[in-house]
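Structural overview
Residue strings, one per chain:
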Amino acid sequence: MARYAIIGWGSLLWDMDGLERHVSGAWMLRAGPRLPLEFSRVSPKRLMGLAVCIDPVEGTPCPTHAVPSVRDGIAAVVDDLARRERAPQERIGRVCLVSGAAGGRMQSVVETVRAWCSAEGWAGAVWTDLEPNFEAMAGAPFGHQAAERHLRALPPAGFAEALRYLHEAPQETDTALRRFLAGRPWWSEALARHGLAAR
């Protein structure tokens, strides 16, 4: 049977939701392709906190992770991930070496995933392809200070969710914003107040 991978770098690793019954085994850490990632997406699902996404402008190349799907066709793998993300299928990137089908916001990412599939023996792979939307949602261009202001202006529930998300994201998702926040005393104090050990 053809093997298809789901690539992850954020909340998929600790919150698979309904996707869990459609995968086989545990996440293979650091086994995915390196992709440009940043916490530059304002997520209504995360109470307007910042979520990590593929960002070709602000992103830092980071290792990603992979888990095998139990499906035997790329269309079903795309559908599984779209359901988990509550996103349209057009926002799920995909590469299939069997059919030659591929799609995604950035051709460079598609080609990176295609080369990774070929090198690692996967028949194809899918990934969440939601775009960075910080400027549209926050009303200012993305930057470290702008992101900090956004986080500090969140109401308590939203801030707690943002803090948890940024803390729980895999350590390999080592973006410039994450390093910036780690150096801010108020951020370390907030982690301690919420019982989250600084990494």
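That block above? That's the structure.
Read on for a plain summary of the structure.

1. A closer look at the overall build of the protein
The secondary structure content of the protein amounts to seven helices and eight strands. For 199 residues, the compact-globule formula gives about 16 Å, and the C-alpha radius of gyration of the protein, at 17 Å, lands near that figure. Here the C-alpha coordinates of the protein stretch approximately 50 × 30 × 25 Å along the principal axes. Put simply, the protein has 199 residues, and 50% of those count as buried. Restricting to contacts in the protein with at least 6 residues of sequence separation, those with at least 24 account for 73%.

2. Here we look at unusual backbone geometry
Most peptide bonds take the trans form, and the phi angle of most residues other than glycine is negative. You will see that D17, though not glycine, has its phi angle at about 60°, which is positive. Here D17 shows up in the loop between strand 1 (4-8) and strand 2 (35-43). The exposure class assigned to D17 is partly exposed, which follows from its relative accessible area of 42%.

3. Concerning the packing of aromatic side chains
With the rule as written, the count across this model stands at seven aromatic pairs. One aromatic cluster in this structure is built from W14, F39 and Y165. One Lys or Arg, R3, reaches over the ring of W122 and ends 4.0 Å from the middle of that ring.

4. Re the packing of helix 5 (residues 156-168) against helix 7 (residues 185-193)
It is the contact of helix 5 with helix 7, at a shortest axis distance of 11 Å, that shows an interaxial angle of 95°. Looking at the two axes, helix 5 sits roughly perpendicular to helix 7. Across from F159, L163, L166 and H167 in helix 5, the residues of helix 7 making contact are W186, W187, A190 and L191. Here the residues of the contact of helix 5 with helix 7 sort into seven nonpolar, one polar and no charged.

5. Some words on the sheet that holds strand 7 (residues 102-103)
In spatial order, the strands read 5-1-8-6-7; together these five strands make up an open sheet with mixed pairing. Single-partner strands in this sheet number two, and they are strand 5 (65-68) and strand 7. One ladder, built from three bridges, connects strand 1 with strand 8 (residues 124-128); its direction is parallel. Looking across to strand 8, one finds that A5 is bridged to A125.

6. Quick word on the nonpolar core
Among the nonpolar cores identified, the biggest contains 43 residues, and W127, L151 and W187 are the most heavily contacted of them. One finds V23, V67, I74 and A82 within the second-largest nonpolar core, a separate group that totals 17 residues.

7. Details of the sheet that holds strand 4 (residues 60-62)
Spatial ordering of the open sheet is given by 3-2-4, a layout of three strands whose pairing is antiparallel. Edge positions in the open sheet fall to strand 3 (49-54) and strand 4, since each of these has one partner strand only. Each strand axis lies, on average, 50° off the axis of its neighbour in the sheet, ignoring direction. The pairing of strand 2 with strand 4 spans three bridges and is antiparallel. Bridge pairing in strand 4 places L37 opposite T60.

8. With respect to helix 5
Over its 13 residues, helix 5 extends 18 Å from the first C-alpha to the last, a length consistent with the 18 Å expected when each residue adds 1.5 Å. Check the buried side of helix 5 and you find it contacts strand 2, strand 3, helix 4 (144-152), helix 6 (176-182) and helix 7.

9. A look at the pattern of salt bridges
This structure, assessed with the given rule, holds 15 salt bridges. For E131, the salt bridge identified is with R41, shortest N-O distance 4.0 Å. Of this pair, E131 sits in the loop between strand 8 and helix 3 (134-138) while R41 sits in strand 2, and the two are 90 residues apart along the sequence. Put simply, R71 and D80 hold a salt bridge, and the shortest N to O gap is 2.8 Å. Taking relative accessible area as the criterion, R71 reaches 28% and is therefore assigned partly exposed. One network of salt bridges, in which partners are shared, links D15, R46, R84, E85, E161 and R164.

About the criteria used
- Residues numbered from 1 in each chain as written.
- Predicted model: local features only at pLDDT ≥ 70, side-chain atom pairs only at ≥ 80, totals over all residues.
- Heavy atoms only, no water.
- Helix = DSSP H or I, 4+ residues; strand = E, 2+ residues; numbered from the N terminus.
- Rg over C-alpha atoms; globule rule 2.2 N^0.38 Å.
- Buried < 20%, exposed > 50% of the residue type's maximum accessible area, 1.4 Å probe, protein only.
- Contact = heavy atoms within 4.5 Å.
- Phe/Tyr/Trp six-rings, centres within 6.5 Å; stacked < 30°, edge-to-face > 60°.
- Lys NZ or Arg CZ within 6 Å of the ring centre and 35° of its normal.
- Axes fitted to C-alpha atoms, helices over the stretch in contact; angles between N-to-C directions.
- Parallel < 35°, antiparallel > 145°, perpendicular 65-115°, else oblique.
- Nonpolar A, V, L, I, M, F, W, Y, C, P; charged D, E, K, R; others polar.
- Pairing = 2+ DSSP bridges.
- Core = buried A, V, L, I, M, F, W, Y, C linked by side-chain atoms within 4.5 Å.
- Expected span 1.5 Å × (residues − 1).
- Salt bridge = Lys/Arg side-chain N within 4 Å of Asp/Glu carboxyl O.

By themselves, these are just geometric observations and shouldn't be taken as functional.
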